[in-house]
Each structure stands twice: as C-alpha cells, then as structure tokens.
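Listed here are the chains, written in short residue letters.
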Amino acid sequence: MSIIEDAAETVDLIEPWIYSQIVNDAQIMALIGGEDRVSGTMSTDDPTVPYISILMQSTRDIQGNAGSIIANESLYQVKVVDATGSWDDLIPVAARLKAVLHHPGECLTVP
C-alpha cells in the first residue's frame, strides 16, 4: 500500500472521528464560536480565528501475515489558533481539547 492510499484511508476514517469529537462538544464550540471554525487536512477554506486545526502529520499501516493490515499508526496535530497573542485566550480551549481527545489508560477504536 502506498503512502497516498494510507493517507486517504486515514483522512477518511480517523480525521472524521477527531472532527466529530470536537464539534460535538458544546464547551469547545462555545469557546471558538462554532463548527465552521474547525479546519482539517482536506479543508479548502481559511477559517476565522480563533479556530482549531486538525493536521495529519504521518501515517503507517502495520501489516501482519500475508500483508494483511492489522493496525494503523497515525499522528495528528490538533491545535487552537488565535491572533490575540495571549496564551490566556487559548488555555481553556487547549485544556478542553485535551479532555475530549485524550483518554489515558483507554484503548480507543475508530468505528
């Protein structure tokens, strides 16, 4: 499988899960001003600040016997962007993103 196929598979499966976790959280939406302020790898519009950026950094399929894909390792950067120059404005959004996306001790499976 090529990196292009890996990337398309990842953007079709993992990124929509990350996106849904963010836009379905009322606290995050209140802090940034709505769903149109979440930008992903395949987004074509420039969002208004503040916004959340979801960017795929790398992906790799893990193959088992006979080339069967048994897992996928994907690294995403999820960050909040603002133009105020103040960390104080971003800390509540970053803290909520961490609470929504990170589940220490759990194994998350993307449907």
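Right, let's walk through the structure included here. As a convention, each chain's residues are numbered from 1 in the sequence order in which they are written. With pLDDT at 70 or above as the cut-off, local features in this predicted model cover only qualifying residues; side-chain atom pairs require 80 or more to be listed or tallied, and sums for whole chains, interfaces and linings still use all residues. Derived side-chain values reflect all non-hydrogen atoms in the structure, with water molecules and hydrogen atoms excluded from consideration.

**Brief notes about the side chain of S39**
Position of S39 among the secondary structure elements: in strand β1 (residues 38-39). When accessible area is computed with a 1.4 Å probe and restricted to protein chains, residues below 20% of their type maximum are described as buried, those above 50% as exposed, and intermediate ones as partly exposed. By relative accessible area, which is 12% here, S39 ends up buried. S39 has contacts with P47, Y51, I52, S53 and I54, leaving out every residue within four places of it along the chain. Counting from the N terminus, the helices are DSSP H or I runs at least four residues long and the strands are E runs at least two residues long. Whether two residues touch is decided by their heavy atoms; if any such pair falls within 4.5 Å, the residues are in contact.

**Some thoughts on the pattern of salt bridges**
Note that side chains of opposite charge can pair when their charged atoms are close. We define a salt bridge as a side-chain nitrogen of Lys or Arg found within 4 Å of a carboxyl oxygen belonging to Asp or Glu. Inspection of every chain in the model, using the stated rule, returns one salt bridge. R96 is the partner of D25 in a salt bridge, and the nearest nitrogen-oxygen pair spans 2.6 Å. Placement of D25 in the loop between α1 (3-23) and α2 (26-32) and of R96 in helix α3 (residues 87-101) is noted, with a sequence separation of 71 residues between them. Classification of R96 by relative accessible area gives partly exposed; the value is 24%.

**A few points about the side chain of D25**
The class of D25 is buried, set by a relative accessible area of 10%. Within the structure, the side chain of D25 is placed 3.3 Å from the backbone nitrogen of Q27, a separation counted as a polar contact. Not counting chain neighbours up to four residues away, the residues in contact with D25 comprise R96 and V100. Throughout this description, a polar contact denotes any pair of N or O atoms lying within 3.5 Å of each other; where both atoms belong to protein, one of them has to be capable of donating a hydrogen while the other can accept it, and for residues adjacent in sequence the pair is counted only when both atoms sit in side chains.

**With respect to α3**
Since there are 3.6 residues in each turn of an α-helix, residues three or four apart along the chain are aligned in direction. One less than the residue count of a helix, multiplied by 1.5 Å, gives the span that helix is expected to have. With 15 residues, α3 extends 20 Å between its outermost C-alpha atoms, agreeing within 8% with the 21 Å of an ideal straight helix rising 1.5 Å per residue. Residues of α3 that are buried: L90, V93, L97, V100 and L101. Across the axial projection of α3, the buried residues extend over an arc of 90°, all falling on one side. Residues of α3 that are exposed and point over 90 degrees away from its buried face: W87, D88 and K98. Read the arc as the range of directions from the helix axis to the C-beta atoms.

**Regarding the sheet that holds β1**
By this definition, two strands are paired if DSSP reports at least two bridges between them. Judged by pairing direction, the sheet is mixed, and its three strands sit side by side in the order β1-β2-β3 without closing on themselves. The open sheet has two edge strands, β1 and β3 (69-81), and neither has a second partner. Bridge analysis of strand β2 (residues 51-63) against β3 gives 12 bridges, and the strand direction is antiparallel. If you follow Y51 over to β3, its bridge partner there is V81. Every angle, taken between N-to-C directions, lies between 0 and 180 degrees, and every axis is a line fitted to C-alpha atoms, over only the stretch in contact when it is a helix. Along the sheet, α3 contacts β2 and β3; its crossing angle with β3, the most-contacted strand, is approximately 165°.

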